[in-house]
Amino acid sequence: MTLLLEPRWKSYVVESTESVLTPAQCDDIIKTGQAQPNQDASVGVGKPGDKKRSGIDKKKRVTTISWIPFSVAKPFYTTIERWILNTNANHFGFDGVKITEQAQYTEYPKGGFYEWHMDSSIEMSDMPTVRKISMTLLLSDPKDFKGGELEILGNKKRVNLKRGHAIFFASFIRHRVKPVTKGNRKSLVMWFGGPPLK
């Protein structure tokens, strides 16, 4: 009989205890994100053109996003890859986790929010690989905005990250971003996928 080796500190919600990115690196990512074509964020995970399963819905989500190409931020992606491999090994223990999608640069202006949702779909055919772990990294200085707290279902507290710090959580956990009441909350969102969960 083979015993399964599980992570030593098993958890589906993990906050970084040190910064993932320095303030200068956060500034670089903000500049890179703002230099890419931006768009109003949509909701849902339908295939392109499937308006029944995805689209813009201002009652569920108000935020602007852009995508950071791998080619323009290689050192950043190398740093994130190291973090996700260590975090997965120490906490989640999911098979085959790797970076499978470009990072999403996100700005929540005053009034911006995102209602309760999951990052993975129950229809796995809609996804290129199964999203297993989600990451939110705060790029802004927390003094630059009010509100905009990340809430994770089952977690007893609102997540108030420091600049450059991140939270990693299982993509099937429901979460939301509370409305921003002042300023502009800038963050980076990534998903890490792999083969279907077993």
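Sequence positions are assigned chain by chain, starting from 1 and proceeding in written order. With the structure being a predicted model, the display of local features is reserved for residues of pLDDT at least 70 and the display and counting of side-chain atom pairs for 80 or more, all residues being used for whole-chain, interface and lining totals. Here the side-chain values reflect all heavy atoms present in the structure, with hydrogen atoms and water set aside.

Engineer: Tell me what's going on with the pattern of salt bridges, and back it up with residues and numbers.
Structural biologist: Salt bridge, as used here: a side-chain nitrogen of Lys or Arg that lies within 4 Å of a carboxyl oxygen of Asp or Glu. In this structure the tally under the stated criterion is three salt bridges. Arg163 is the salt-bridge partner of Asp27, the closest N and O atoms lying 2.4 Å from each other. Within this pair, whereas Asp27 is found in helix 1 (residues 23-35), its partner Arg163 is found in the loop between strand 13 (158-159) and strand 14 (166-170), the two being separated by 136 residues in sequence. Only DSSP runs of H or I reaching four residues or more are called helices, and only runs of E reaching two or more are called strands; each is numbered from the N terminus.

Engineer: Describe in detail the sheet that holds strand 15 (residues 175-177), supporting the description with residues and values.
Structural biologist: Pairing between two strands is assigned when DSSP locates at least 2 bridges connecting them. Taken together, five strands build an open sheet; the order of strands is 5-9-15-12-13 and the sheet is antiparallel. A strand with exactly one partner marks an edge of an open sheet, and here the two such strands are strand 5 (61-62) and strand 13.

Engineer: Quick one: what's the story with the side chain of Glu151, residue by residue and with numbers?
Structural biologist: If you trace the backbone, Glu151 turns up in strand 12 (residues 150-152). Only protein chains enter the area calculation, which uses a 1.4 Å probe; residues under 20% of their type maximum are buried, those over 50% are exposed, and those in between are partly exposed. On the accessibility criterion, Glu151 (12% relative accessible area) is buried. Whenever a nitrogen or oxygen atom comes within 3.5 Å of another N or O atom, the pair is scored as a polar contact, on the condition that within protein one atom can donate a hydrogen and the other can accept it, and that pairs from neighbouring residues in sequence are kept only if both atoms are in side chains. Side chain to side chain, Glu151 and Arg176 meet in a polar contact 2.6 Å long.

Engineer: Describe the nonpolar core, listing the residues and the values that go with them.
Structural biologist: Residue types Ala, Val, Leu, Ile, Met, Phe, Trp, Tyr and Cys, when buried and joined through side-chain atoms within 4.5 Å, form a set referred to as a nonpolar core. Phe76, Met135, Leu137, Leu139, Phe168, Leu188 and Phe192 are the most contacted members of the largest nonpolar core, which has 41 residues in total. Those elements giving two or more residues to this core turn out to be helix 1, helix 2 (74-92), strand 8 (103-108), strand 10 (130-138), strand 12, strand 14 and strand 17 (185-194). Broken down by element, this core gets its largest block of residues, six residues, from helix 2. Only heavy atoms matter for contacts: two residues are in contact if any of them lie within 4.5 Å across the pair. Discounting chain neighbours no more than four positions away, the residues touching Phe168 are Tyr12, Val13, Val14, Trp83, Ile84, Thr87, Phe92, Ile133, Ser134, Met135 and Phe192.

Engineer: Summarise the packing of aromatic side chains; cite the residues concerned and give the values.
Structural biologist: Pairing of aromatic side chains requires ring centres within 6.5 Å, counting the rings of Phe and Tyr and the six-membered ring of Trp. Pairs whose planes differ by under 30 degrees are stacked, by over 60 edge-to-face, and all others tilted. If you walk through the whole model with that rule in mind, you get eight aromatic pairs. Plain terms: the ring middles of Phe70 and Tyr77 are 4.6 Å apart, the flat faces sit at 55° to each other, and that makes the pair tilted. Among the aromatic residues, those joined into a cluster by ring pairs are Tyr12, Phe92, Phe94 and Phe172. Here, a charge over a ring is recorded when the distance from Lys NZ or Arg CZ to the ring centre is within 6 Å and its angle to the ring normal is within 35 degrees. Sitting over the face of the ring of Trp191, Arg131 holds its NZ or CZ atom 3.9 Å from the ring centroid.

Engineer: How would you explain the confidence of the model for the protein if you had to name every residue and give the values?
Structural biologist: Per-residue confidence from the predictor is given as pLDDT, running between 0 and 100. Residues of the protein with pLDDT of at least 70 account for 84%, and the chain-wide mean is 87. Per-residue pLDDT stays below 50 along residues 46-50; that stretch engages in five contacts with residues further than four places along the chain or on separate chains.

Engineer: I'd like a description of the pairing of strand 14, backed by residues and values.
Structural biologist: It is a general feature of regular strands that their side chains alternate between the two faces of the sheet. The buried count for strand 14 comes to five of five residues, which makes it a mostly enclosed element. A two-sided burial pattern is seen for strand 14, the buried positions comprising Ala166, Phe168 and Ala170 on one face and Ile167 and Phe169 on the other. Across three bridges, the pairing between strand 1 (residues 13-15) and strand 14 is antiparallel. Residue pairing across strands places Val13 opposite Phe169, the latter belonging to strand 14. Looking at chain direction, strand 10 and strand 14 are connected through five bridges and run antiparallel. Looking across to strand 14, one finds that Ser134 is bridged to Phe169.

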